[in-house]
Amino acid sequence: MNGQKPKTISIVISVYNEEKALHEFYREATPVFEALPWNYELIFVNDGSADASGQILAELAAADPRVRVINFSRNFGHEAAMLAGLDHSIGEGIVCMDADLQHPPECVAQIIEKFEEGYEVINMVRTKNKSAGFIKNLTSSAFYKFLNKISDVKLENNASDFFALTANAAQVLKTNYREKVRFLRGYVQNIGFNRTTIEYEARARVAGESKYSIRKLFKFSINTILCFSDLPLKLGIYSGIIVGFLGLLVMLETIYEWAVKGTPNGYATIVVLLCFMFAMLFVIVGIIGEYIAILFTELKDRPIYIVHDTKGFPEKES
Ligand code: UDP
Ligand code: MG
């Protein structure tokens, strides 16, 4: 390591079944990081990979003193992996990135420049996402628009899991944002501090495939909405008002029928209204249930991740 370099940047890389990408990542990123004006540490968080990723990382850690590995006891998800990386970092600056080279390592030089200009939170915004395809890009941008509409916080469109923080800003995430159901990239944008963005062009995934299935993305989106907005809870009030109004119309109609024809035809109306109102009621109860599920998860206070062992850390070897 170069003793002349004044500061250290911690680069956190989440790894889940990335055996095909890891060597490529290390080979391509190392010369880029070596040229940085700061020292660096690479913190690979192995999020319970079932393939050879753990072994590859152990080899890298044995051969390179700048490589650190955190092995989880099982898969805890990308966000938990990023948080573990933040927890274990020692640098004055921290960058979170993917292992698949979709986040270009060259950007770290720009990040350090921004740190030196005094910025504390740097969001990397992708200009184009070649690998994601048209549909994923479109749905992702529609999702951000929707989220911005319904929540009081504002999220950068196209923000990715590629971001950088100073140790100070990271401290806030580490201590005050340890929710079990969370949306880290949203929190990064909402802790304040001196913020800026850097644009980057997402590359195609170097190997392997995306770990986010449609099902995972859907669950992730629902959780995000529930984390950032209480609008769904207010749906009960709105739909109550609408149904009440409809009920009033039906009542007027019934009175009219009774006045004109003498006998109101109530049966059909009752069935339709019952179905409609019960459907509404169940949806609202379901939404409240989702919030209770989140409360329950928070209340249980289970760990966000469990570390099996670590490698390459100077003092806390386990
Ligand atoms: N990842 C993880 N745990 C998971 C899923 C993904 O640590 O449960 C890692 C994965 O190895 C990758 C990063 O998170 O480095 C982003 O995942 P991926 O590239 O599959 O997502 P995409 O870039 O397609 O959104
Ligand atoms: Mg990726």
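For the chain, the name recorded in an unreviewed UniProt entry is Glycosyl transferase family 2, with Clostridium fessum as its organism. Recorded in UniProt under Subcellular location (unreviewed entry), the annotation for the chain is "Membrane".

Right, let's talk about the overall build of the chain for a bit. The helix and strand inventory of the chain stands at 10 helices and 8 strands. The globule rule puts the C-alpha radius of gyration for 318 residues at 20 Å, and the 25 Å found for the chain is more than 25% above it. Oriented by its inertia axes, the alpha-carbon framework of the chain measures out at about 95 × 40 × 35 Å. Across the 318 residues in the chain, those meeting the buried criterion constitute 44%. Sequence-distant contacts, at least 24 apart, represent 84% of the contacts inside the chain between residues at least 6 apart. Accessible area for the chain stands at about 16,700 Å²; split by element, carbon and sulfur atoms hold 62% of it.

Taken together, D98 (OD), D100 (OD) and Q102 (OE1) make up the protein donors of the magnesium ion (ligand 2), found 2.0 to 2.5 Å from the metal. Sequence spacing of the donor residues for the magnesium ion (ligand 2), all on one chain, is D-x1-D-x1-Q. Classification of D98 by relative accessible area gives buried; the value is 15%. Exposure remark for Q102: the relative accessible area of 15% places this residue in the buried category.

We now examine the site of ligand 1. Around ligand 1, the structure places 18 residues, and the nearest of them are E18, D47, D100, Q102 and K211. In the model, an oxygen atom of ligand 1 is placed 2.7 Å from a nitrogen or oxygen of the D100 side chain. Here the shell around ligand 1 is composed, by residue class, of 4 nonpolar, 6 polar and 8 charged.

This part takes up the nonpolar core. Judged by nonpolar contacts, the single largest core of 37 residues is most densely connected at V45, F72, L86, L165 and L173. A total of 6 residues in this core trace back to one element, the largest contributor, which is helix α3 (residues 78-88). For V45, the contacting residues outside a window of four places in its chain are V12, I13, S14, V15, I70, F72, A81, A84 and G85. Core analysis: the second largest hydrophobic core is formed by 36 residues, L22, L57, A61 and M124 among them.

Here is what the cut-offs are and how they apply
Residues numbered from 1 in each chain as written. Chains lettered and ligands numbered in written order. Predicted model: local features only at pLDDT ≥ 70, side-chain atom pairs only at ≥ 80, totals over all residues. Heavy atoms only, no water. UniProt positions renumbered as here; feature names shortened; annotations may be inferred. Helix = DSSP H or I, 4+ residues; strand = E, 2+ residues; numbered from the N terminus. Rg over C-alpha atoms; globule rule 2.2 N^0.38 Å. Buried < 20%, exposed > 50% of the residue type's maximum accessible area, 1.4 Å probe, protein only. Contact = heavy atoms within 4.5 Å. Areas by Shrake-Rupley, 256 points an atom, 1.4 Å probe, with all protein chains shown as cover. Donors = N, O, S within 2.8 Å, 3.2 Å for Na, K, Ca; no water. Near = heavy atom within 4 Å. Polar contact = N/O pair within 3.5 Å; in protein donor to acceptor, adjacent residues only side chain to side chain. Nonpolar A, V, L, I, M, F, W, Y, C, P; charged D, E, K, R; others polar. Core = buried A, V, L, I, M, F, W, Y, C linked by side-chain atoms within 4.5 Å.

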